[in-house]
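# Observations on the model geometry
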Amino acid sequence: MKEKGTVRIAVFVSGGGTNLQALIDAERAGIITHGKISLVVSNNPNAYALTRAENAGIDTVIIPGKELTQDAFETKLIETLEENKIDLIVLAGFMKILSHNFTRRYPERILNVHPSLIPSFCGKGFYGLKVHEEALRYGVKVTGATVHYVNEIPDGGEIILQKAVAIKKGETAESLQQRVMRQAEWIILPKAVELVSKKISTEGKEIGQ
Ligand code: GAR
């Protein structure tokens, strides 16, 4: 049984880490009070997100995704999570799909931020800029972001929070990506992390129970 109190959070990243930065800033601003960002894990040794973590004094671990089989990668992930007594995993721009073998160990303990209103423009192959290119190509007038629990279906777990963003005339995929981040992702991700951390700290359950 986990003692009631602060939930230890691991943030998984692959790139620039602006969502990680939003979480770090939210913890400093007192928006996240029930959770502590305790570890940042990257599958990409060159991710700028690692520099953001180091600047904030957060421990980092690199598990190079390209050099390992999925199984070996996930075994290392699990070891790292156990060593660091992690209660909650947040995928913040993490571009590697996790297998059912991994996700089933952590029901309602993995969150993901996705840059569209799920169930539109999501699932395998929809990540990063591609999501916004597809939204513009389809011609939707409203897009946004979603934070959801992660299960075995890519972008298929229960939705926690969503926020809509109206598409402007003459928008490019790049400008839309920036606005969706600023107006939706960086707002709902910290809120969802606080909601779930509060739930976990009240339940007082160990991860995987
Ligand atoms: C964000 O827009 C995030 O929603 C998206 O990648 C970007 C990462 O930016 N994630 C996905 O598309 C996952 N399917 P960041 O590294 O600056 O947070």
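Residues numbered from 1 in each chain as written. Predicted model: local features only at pLDDT ≥ 70, side-chain atom pairs only at ≥ 80, totals over all residues. Heavy atoms only, no water.

## Topic: the pairing of strand β4 (residues 88-91)
Of the two faces of β4, the one lined by Leu88 and Val90 and the one lined by Ile89 and Leu91 are each fully buried. Summarising the sheet, strand β1 (residues 7-13) and β4 pair through four bridges and their orientation is parallel. What sits directly across from Phe12, in β4, is Leu91. Note that β4 and strand β5 (residues 110-114) share three bridges and pair parallel. Paired with Ile89 across the two strands is Ile110, which belongs to β5. (Buried < 20%, exposed > 50% of the residue type's maximum accessible area, 1.4 Å probe, protein only. Helix = DSSP H or I, 4+ residues; strand = E, 2+ residues; numbered from the N terminus. Pairing = 2+ DSSP bridges.)

## Concerning the layout of surface pockets
In this model, the largest pocket occupies a volume close to 730 Å³. In terms of lining residues, the largest pocket is bounded by 38 residues, among which Gly93, Phe94, Met95, Asn112 and Tyr127 are the most central. For the lining of the largest pocket, the secondary-structure elements that each account for two or more residues are α1 (18-28), β5 and α6 (173-203). The residue makeup of the lining of the largest pocket, split by class, is 15 nonpolar, 18 polar and five charged. (1 Å grid on protein atoms, 1.4 Å probe; cavity = no way out; pocket = protein on both sides within 12 Å on 5 of 7 lines; lining within 4 Å. Points joined across faces, edges and corners; volume = space filled by probe spheres on them. Nonpolar A, V, L, I, M, F, W, Y, C, P; charged D, E, K, R; others polar.)

## Considering the site of the ligand
Taken together, 14 residues are adjacent to the ligand, and Gly17, Thr18, Asn19, Gly128 and Glu185 come closest. Contact distances for the ligand include 2.9 Å between an oxygen atom and a side-chain N or O atom of Asn19. One nitrogen or oxygen atom from the main chain of Gly128 is found 2.8 Å from an oxygen atom belonging to the ligand. Calculation on the ligand without its partners gives an accessible area of 450 Å², and the protein chains cover 92% of this total. More than half of the atoms belonging to the ligand lie within 2 Å of the grid points that define the largest pocket. Mapped by element, the contributors of at least two residues to the shell around the ligand are α1, β5 and α6. (Near = heavy atom within 4 Å. Polar contact = N/O pair within 3.5 Å; in protein donor to acceptor, adjacent residues only side chain to side chain. Areas by Shrake-Rupley, 256 points an atom, 1.4 Å probe, with all protein chains shown as cover. Sits in = over half its atoms within 2 Å of the grid points.)

## Description of the nonpolar core
Counting 35 residues, the largest nonpolar core has Val11, Leu20, Leu23, Leu88, Val90, Leu189 and Val193 as its most contacted members. Within the residue set of this core, elements represented by two or more residues are β1, α1, β2 (35-42), α2 (48-55), β4, β5, β6 (142-149) and α6. The dominant element in this core, judged by the number of residues it contributes, is α6, at nine residues. Beyond its immediate sequence surroundings of up to four residues, Leu23 is in contact with Val11, Ile32, Ile37, Val90, Leu189, Pro190 and Val193. In this structure, Ala10, Leu77, Leu81 and Phe94 belong to the second largest nonpolar core, which totals 18 residues. (Core = buried A, V, L, I, M, F, W, Y, C linked by side-chain atoms within 4.5 Å. Contact = heavy atoms within 4.5 Å.)

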